[in-house]
Amino acid sequence: MENFTPISALTGGAMIGLAAGLYLILNGRIAGISGIVGNLATGTTRQKLERLAFVVGLVAGPLIFTLVAGVAPAITITTSLPVLALAGLVVGYGTSMGSGCTSGHGICGLARFSPRSVVATLAFIGSGLATTFFMRHVLGV
Amino acid sequence: MRLLAALVCGTLFGAGLAVSGMINPEKVLGFLDIAAIATNSWDPSLALVMAGGLVVATPFFIWAKSQPTALCGGDISLPVKRKIDRPLVIGGLLFGVGWGIAGLCPGPAIAALSQPRTSILLFVAAMLAGMALHRLFARQ
């Protein structure tokens, strides 16, 4: 398990959990990224600006990490562009249909013991595992 | 105040994705590829990211239940739907398929825009199109 990074995973996870917790008690909202991004154009101007501020922060966070760490976080993408576009389309459609993603269901939903989020999280982790297996070991891409 | 809070929370979230390595699709796929257990090269990091996130977030969600309003004013808005219906399950399954193909979910995809490359821009554009497409169908 040479790729396993338990300390940084727990630290980063705690930061994500803290961000979600603070967003809930400060602004009274769920830090679900698919919901925030998908609703950038809905609601009042104040609501739109608030979501936009969260998204700006989401992009700024890794830049601040780069300043502090002195090196940019690794982002390795080996998927071809057409397949990547298809995956993006399915991720967008699925998260909109299922009312959430890894953050909204996987962190916020599970943190408030929502049965719907337990089901959604099991569904996307299950199909994610099956899909990666199929891609890597059946199709061999 | 609400805007500043949203900016700070988003920044902390994005930094957490960078620290944990979840901003990297390769690392996410290293978790989703459970066949790698056989070769001892599986990366369970994602499970610890979720565990760490849940341990920290849960007390906030429990405490919020007893609060009438959010600290920056306004209501505490939580999803009211209880029913486990078809869109929830099918949507979740579909999302997992896209996630399993590319190793990208919405949070890391947006955070990865901090390194704007064609591949990331394309994924985010397609993701937004997918969201818009579902809304279009759902409205009918």
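What counts, and where the lines are drawn
- Residues numbered from 1 in each chain as written.
- Chains lettered and ligands numbered in written order.
- Predicted model: local features only at pLDDT ≥ 70, side-chain atom pairs only at ≥ 80, totals over all residues.
- UniProt positions renumbered as here; feature names shortened; annotations may be inferred.
- Helix = DSSP H or I, 4+ residues; strand = E, 2+ residues; numbered from the N terminus.
- Buried ≥ 20, exposed ≤ 12 C-beta atoms within 10 Å, placed from the backbone.
- Contact = placed C-beta atoms within 7 Å.
- Nonpolar A, V, L, I, M, F, W, Y, C, P; charged D, E, K, R; others polar.
- Core = buried A, V, L, I, M, F, W, Y, C linked by C-beta atoms within 7 Å.
- Expected span 1.5 Å × (residues − 1).
- Axes fitted to C-alpha atoms, helices over the stretch in contact; angles between N-to-C directions.
- Parallel < 35°, antiparallel > 145°, perpendicular 65-115°, else oblique.
- Left-handed = near helix turned anticlockwise from the far one by under 90°.

Identification of chain B as Transporter from Thalassospira mesophila is taken from an unreviewed UniProt entry.

An unreviewed UniProt entry lists chain A under the name YeeE/YedE family protein, with Thalassospira mesophila as the source organism. Taken directly from UniProt, the Subcellular location (unreviewed entry) text for chain A runs: "Cell inner membrane". Heading Sequence similarities (unreviewed entry) of the UniProt record for chain A holds this comment: "Belongs to the TsuA/YedE (TC 9.B.102) family."

Chemist: Just give me the short version of the overall build of chain A, but keep the residues and values in it.
Modeler: For chain A, the helix and strand inventory stands at six helices and zero strands. Its helices and strands taken in sequence order, chain A reads α-α-α-α-α-α from the N to the C terminus. Seen through its C-alpha atoms, chain A measures out along the principal axes to roughly 45 × 40 × 30 Å. Within the span of chain A, comprising 141 residues, buried residues form 57% of the whole. Within chain A, contacts between residues at least 6 apart in sequence are counted, and of these 40% link residues at least 24 apart.

Chemist: Summarise the overall build of chain B; cite the residues concerned and give the values.
Modeler: Looking only at helices and strands, one finds six helices and zero strands in chain B. A separation of at least 24 residues holds for 45% of the contacts in chain B among residues at least 6 apart in sequence.

Chemist: Tell me what's going on with the interface of chain B and chain A, and back it up with residues and numbers.
Modeler: Taken together, the 101 residues of chain B in the interface contact 100 residues of chain A. Taken together, the elements giving at least two residues each to the side of chain B that touches chain A come down to α1 (2-20), α2 (25-32), α3 (45-65), α4 (86-102), α5 (106-111) and α6 (118-139) of chain B. Per element, the largest residue contribution to the side of chain B that touches chain A is 18 residues, and it comes from α1 of chain B. Its residues assigned to classes, the side of chain B that touches chain A comprises 66 nonpolar, 27 polar and eight charged.

Chemist: Explain the nonpolar core residue by residue, including any values.
Modeler: Membership of the largest hydrophobic core comes to 85 residues, with the highest contact counts inside it found for Ala-19 and Ala-20 of chain A together with Cys-9, Ala-57, Ala-109 and Phe-123 of chain B. Excluding residues within four positions of it along the chain, Ala-19 of chain A makes contact with Ala-31 of chain A together with Cys-9, Leu-12, Phe-13 and Gly-16 of chain B.

Chemist: Requested: an account of the UniProt feature "transmembrane region" (unreviewed entry) in chain B, with residues and values cited.
Modeler: The residues that UniProt annotates with the feature "transmembrane region" (unreviewed entry) are residues 45-64, 88-113 and 119-138 of chain B. Between the C-alpha atoms that bound residues 119-138 of chain B there is a distance of 28 Å. The span itself is 100% helix and 0% strand.

Chemist: Describe in detail unusual backbone geometry, supporting the description with residues and values.
Modeler: Unlike most non-glycine residues, Ser-99 of chain A shows phi in positive territory, near 55°. Along the chain, Ser-99 of chain A falls in the loop between α4 (81-97) and α5 (102-111). One non-glycine residue, Asn-40 of chain B, adopts positive backbone phi at about 60°. With respect to the element layout, Asn-40 of chain B can be found in the loop between α2 and α3. Its 8 C-beta neighbours within 10 Å are what place Asn-40 of chain B among the exposed residues.

Chemist: Break down α3 of chain B for me, with residues and values.
Modeler: Compared with an ideal rise of 1.5 Å per residue, which puts 21 residues at 30 Å, α3 of chain B spans 31 Å between its outermost C-alpha atoms and is within 8% of the ideal. Listed as buried for α3 of chain B are Ser-45, Leu-46, Leu-48, Val-49, Met-50, Gly-52, Gly-53, Leu-54, Val-56, Ala-57, Phe-60 and Phe-61 of chain B.

Chemist: Residue-level account of the environment of Leu-89 of chain A, with values.
Modeler: As for its position among the elements, Leu-89 of chain A is in helix α4. Each C-alpha atom, one on Leu-89 of chain A and one on Val-138 of chain A, is 22 Å from the other, the two residues being 49 residues apart in sequence. Residue contacts for Leu-89 of chain A: discarding those within four places in its chain leaves Ala-126, Ala-129 and Gly-130 of chain B.

Chemist: Pulling in residues and values, what's your account of the UniProt feature "transmembrane region" (unreviewed entry) in chain A?
Modeler: Residues and elements named next belong to chain A. Per the UniProt record, "transmembrane region" (unreviewed entry) is annotated on residues 6-26, 52-75, 81-101 and 113-135. Secondary structure within residues 6-26 divides into 100% helix and 0% strand; the distance between the first and last C-alpha atoms comes to 30 Å. Across residues 52-75, the secondary structure splits into 75% helix and 0% strand, with the terminal C-alpha atoms separated by 23 Å.

Chemist: Give me the packing of helix α1 (residues 6-27) of chain A against α3 of chain B: which residues, what numbers.
Modeler: Running from N to C, α1 of chain A and α3 of chain B point in directions that differ by 25°, and their axes come no closer than 7 Å. As judged from the angle between their axes, α1 of chain A and α3 of chain B are roughly parallel. Note that α1 of chain A runs across α3 of chain B; the crossing there is right-handed.

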